[in-house]
Amino acid sequence: MNGIHYLAFLDRFYSLQNSMQQENITTIASTTTTQDEAQIRQLIADQQSAIGAKNIDRILAPYLTEVIVFDAIPPFQTKGVDALRHTWEECFPCFRDSFEIETRDINITVSGDLACAYWLFRFTGMEQDHPAMQTWMRITSICQRNHGKWQIIHEHISVPFDPETSKAAFTLNP
């Protein structure tokens, strides 16, 4: 192999090697994102299971101590996990002993140690005329990874409203 062919060979070799390394980096990043999304989906599923079981300790487990929640029910803004505990304690007498939550359209975006998840949900397993059964609600959760564990640092729960009447738009069709 003469010098020109050898240089062309090395150039092609290093180009392929670089391409393979870039592909591996992309694969690793994609796998990590997929794992992060799976962990956040599990966090959501675990929390919804805890809500249906009315297990306040399990509900609060994924929240950062200083969480801020904008809720669809009073007090509408809750600061801190202790205040959130009080909100759940006040809310649970309105529900049956056990119920379920139906979820749809979960979207999760992960960027490093931050993630945003949003989805629709509604309560099920109660009388059809129960107020909680009358609408789909919207939720957005902002999560942060702390010491390898995802925590909810902010949450926003809402119902749609009719701007002409300023009243909540309860609908079973999201």
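Bear in mind that the values here come from a model prediction, so they are computed numbers and not experimental data.

Definitions and limits used
- Residues numbered from 1 in each chain as written.
- Predicted model: local features only at pLDDT ≥ 70, side-chain atom pairs only at ≥ 80, totals over all residues.
- Heavy atoms only, no water.
- Salt bridge = Lys/Arg side-chain N within 4 Å of Asp/Glu carboxyl O.
- Helix = DSSP H or I, 4+ residues; strand = E, 2+ residues; numbered from the N terminus.
- Buried < 20%, exposed > 50% of the residue type's maximum accessible area, 1.4 Å probe, protein only.
- Contact = heavy atoms within 4.5 Å.
- Phe/Tyr/Trp six-rings, centres within 6.5 Å; stacked < 30°, edge-to-face > 60°.
- Lys NZ or Arg CZ within 6 Å of the ring centre and 35° of its normal.
- pLDDT = per-residue confidence, 0-100.

Quick notes on the pattern of salt bridges
What the rule picks out here adds up to five salt bridges. In this structure, Arg-85 engages Asp-57 in a salt bridge whose closest nitrogen and oxygen atoms are separated by 2.8 Å. Here the residue Arg-85 occupies a position in helix H3 (residues 81–91), and Asp-57 occupies one in helix H2 (residues 56–60), the gap between them amounting to 28 residues. Across the pair Asp-105 and Arg-104 runs a salt bridge whose closest N-O atoms are separated by 3.2 Å. Residue Asp-105 is classed as partly exposed on the basis of its relative accessible area, which comes to 44%. Put simply, Asp-36, Asp-113 and Arg-145 are held in one network by salt bridges that share partners.

As for the environment of Ile-101
Along the chain, Ile-101 falls in strand E3 (residues 100–111). On the accessibility criterion, Ile-101 (16% relative accessible area) is buried. In sequence terms Ile-101 and Phe-121 are 20 residues apart; their C-alpha atoms lie 6.5 Å from each other. Those residues in contact with Ile-101, other than ones at most four positions away along the chain, are Gln-48, Ile-51, Phe-121, Arg-122, Phe-123 and Thr-124.

Examining the packing of aromatic side chains
Following the criterion strictly, the structure yields five aromatic pairs and no others. Between Phe-99 and Phe-123 the ring centres are 5.6 Å apart and the planes differ by 75°, which places this aromatic pair in the edge-to-face class. Here Phe-99 is found in the loop between H3 and E3, whereas its partner Phe-123 is found in strand E4 (residues 114–124), with 24 residues between them in sequence. Each of the two residues, Phe-99 as well as Phe-123, counts as buried. One aromatic cluster is present, built from ring pairs that chain together Phe-95, Phe-99, Phe-121 and Phe-123. Above the face of the Trp-136 ring, Arg-104 is positioned so that its terminal group lies 5.5 Å from the ring centre.

A few points about the confidence of the model for the protein chain
Residue-level pLDDT values for the protein chain average 82, and 75% of them are 70 or greater. The low-confidence segment residues 24–29, where pLDDT is below 50, has zero contacts with residues more than four positions distant or belonging to other chains.

A few points about unusual backbone geometry
Residues apart from glycine generally show negative phi values, whereas peptide bonds are mostly found in trans. Here the bond from Pro-74 into Pro-75 is cis, since omega is 15°, no more than 30 degrees from zero. Even without being glycine, Asp-105 reaches a positive phi, approximately 60°. In this model, His-147 sits at a positive phi of 55°, which is unusual for a non-glycine residue. You can call His-147 exposed: its relative accessible area is 88%.

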